[in-house]
Amino acid sequence: MADEVQQTPKRGRRPGGTDTRAALLAAAREVFSEQGYDGATVRAIAARAGVDAAMVNHWFGGKEALFGEAVLQLPFNPKEIIAHLLEGGIDDLGTRIIRAFLTTWDAQGGGVFAALIRSVAAHEQVANVLREFFLKNVFAQLAGKVADDRTDLRANLVASQMIGLGVVRYVAKFDPLADSDVETLVRAIGPNVQRYLTGSLD
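Each value, and the rule that gives it
- Residues numbered from 1 in each chain as written.
- Predicted model: local features only at pLDDT ≥ 70, side-chain atom pairs only at ≥ 80, totals over all residues.
- Heavy atoms only, no water.
- Helix = DSSP H or I, 4+ residues; strand = E, 2+ residues; numbered from the N terminus.
- Buried < 20%, exposed > 50% of the residue type's maximum accessible area, 1.4 Å probe, protein only.
- Areas by Shrake-Rupley, 256 points an atom, 1.4 Å probe, with all protein chains shown as cover.
- 1 Å grid on protein atoms, 1.4 Å probe; cavity = no way out; pocket = protein on both sides within 12 Å on 5 of 7 lines; lining within 4 Å.
- Points joined across faces, edges and corners; volume = space filled by probe spheres on them.
- Nonpolar A, V, L, I, M, F, W, Y, C, P; charged D, E, K, R; others polar.
- Axes fitted to C-alpha atoms, helices over the stretch in contact; angles between N-to-C directions.
- Parallel < 35°, antiparallel > 145°, perpendicular 65-115°, else oblique.
- Left-handed = near helix turned anticlockwise from the far one by under 90°.
- Contact = heavy atoms within 4.5 Å.
- Salt bridge = Lys/Arg side-chain N within 4 Å of Asp/Glu carboxyl O.
- Arc of directions from axis to C-beta.
- pLDDT = per-residue confidence, 0-100.

Engineer: How would you sum up the overall build of the chain? Please name residues and give values.
Structural biologist: The helix and strand tally for the chain stands at ten helices and zero strands. Ordered by position from N to C terminus, the α and β elements of the chain give α-α-α-α-α-α-α-α-α-α. The 202 residues of the chain split such that 42% are buried. Accessible surface for the chain amounts to roughly 11300 Å². Of this, 51% is attributable to carbon and sulfur atoms.

Engineer: Before we move on, could you go through empty space enclosed by the protein and cite the residues and values that matter?
Structural biologist: Tallying each qualifying case throughout the model produces one cavity of 30 Å³ or more. A volume near 240 Å³ is recorded for the largest cavity. Residue lining of the largest cavity: 18 residues in total, with Phe 76, Phe 101, Trp 105, Phe 134 and Phe 139 positioned closest to the centre. Elements represented by at least two residues in the lining of the largest cavity include exactly helix H5 (78–85), helix H6 (93–107), helix H7 (111–122), helix H8 (124–146) and helix H9 (151–171). Across the lining of the largest cavity, the residue classes break down as 17 nonpolar, one polar and no charged.

Engineer: Describe the packing of helix H1 (residues 19–39) against helix H2 (residues 42–49), naming the residues involved and giving the relevant values.
Structural biologist: The geometry of H1 relative to H2 is characterised by a closest axis approach of 8 Å and an angle of 125° between their N-to-C directions. For the element pair H1 / H2, the angle class is oblique. Like other packed secondary-structure pairs, H1 and H2 cross with a definite hand, here right-handed. For the pair H1 and H2, the contacting residues are Ala 23, Leu 24, Ala 27, Ala 28, Glu 30, Val 31, Phe 32 and Glu 34 in the first and Ala 44, Ile 45, Ala 46, Arg 48 and Ala 49 in the second. Grouping the amino acids of the contact of H1 with H2 by side-chain chemistry returns ten nonpolar, no polar and three charged.

Engineer: Requested: an account of unusual backbone geometry, with residues and values cited.
Structural biologist: With an omega of 5°, the peptide bond running from Asp 175 to Pro 176 counts as cis. Note on placement: Pro 176 falls in the loop between H9 and helix H10 (182–198). The phi dihedral of Arg 150 falls on the positive side, at around 50°, and the residue is not glycine. Its place among the elements puts Arg 150 in the loop between H8 and H9.

Engineer: Can you explain the pattern of salt bridges? Please cite residues and give values.
Structural biologist: Where charged atoms from two side chains of opposite charge come close, those side chains can pair. Overall, the coordinates contain six salt bridges when judged by the stated rule. A salt bridge links Arg 154 to Asp 149, with the nearest nitrogen and oxygen atoms 2.7 Å apart. Given a relative accessible area of 36%, Asp 149 falls into the partly exposed group. For the salt bridge of Asp 202 with Arg 150, the shortest nitrogen-to-oxygen distance reads 3.2 Å. Here Arg 150 lies in the loop between H8 and H9 and Asp 202 lies in the segment after H10, a separation of 52 residues in the sequence. Take Arg 150: its relative accessible area is 42%, and that puts it in the partly exposed class.

Engineer: Any chance you could break down H5 for me, citing the residues and the numbers?
Structural biologist: Taken residue by residue, H5 has Pro 78, Ile 81, Ile 82 and Leu 85 as its buried positions. Considered in projection along H5, the buried side chains sweep an arc of 100° and stay on one side of the axis.

Engineer: Provide a residue-level description of the side chain of Gln 194, including the pertinent values.
Structural biologist: Its location among the elements puts Gln 194 in helix H10. On the basis of relative accessible area, Gln 194 is assigned to the buried category, the value being 12%. Not counting chain neighbours up to four residues away, the residues in contact with Gln 194 comprise Ile 90, Asp 91, Asp 92, Leu 93, Gly 94 and Gly 199.

Engineer: Got a sec to walk through the confidence of the model for the chain? Specific residues and values, please.
Structural biologist: Regions with low pLDDT carry predicted coordinates that are not meant to be interpreted in detail. In this model, the chain carries an average pLDDT of 82, and 81% of its residues clear a pLDDT of 70 or more. Model confidence for the chain, summarised as mean pLDDT per element, is weakest for H7 at 69 and strongest for H10 at 96. Per-residue pLDDT stays below 50 along residues 1–16; that stretch engages in 14 contacts with residues further than four places along the chain or on separate chains.

Engineer: A description of the environment of Ile 97 should follow, citing residues and the corresponding values.
Structural biologist: If you trace the backbone, Ile 97 turns up in helix H6. With 13 residues separating them in the primary sequence, Ile 97 and His 84 have C-alpha atoms 9.8 Å apart. In this structure, Ile 97 is in contact with Leu 85, Leu 142, Met 162, Val 193 and Leu 197, ignoring residues within four places of it in sequence.

See the structure below:
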């Protein structure tokens, strides 16, 4: 009888199948945890997952969306929501931001946001990457598109308003703000966010 030859699994990159997405998410969590948002690269994440770097764009559209889903578990793609917010006029951007924020997180019952805030409170590294991500890839992008001056301060002010609103509505659950309908809060808070973006800060 001929000796049986044991087949050795081939090594190399994964095919571009559906398992690639899961591998990229797992690799991204590891690389972002080790190197932070700025230090992590698409190439390093893809290498860790054993796939071509092009697969990051194929499955997630870029580093920002991959980070949002893998680490922050965001229910939206940052690039897509920024593009959506900037489709309308600048004069009512503040109200659109509040409406988009609330409708997105309300659809998740507020649980994802609450879990995110608790993670920030428990882990300094999570707080650092959250700050880097939201300021650089969401609020700073918006402020940079519409503001003529002090864009960093404006981005921080918008971030403070949005995160504070989320904490009060979804974590501390202060009444009546926690139970108010979206449009009531849009009318009440939208003008504040608009001033932070385009109004005078003096």
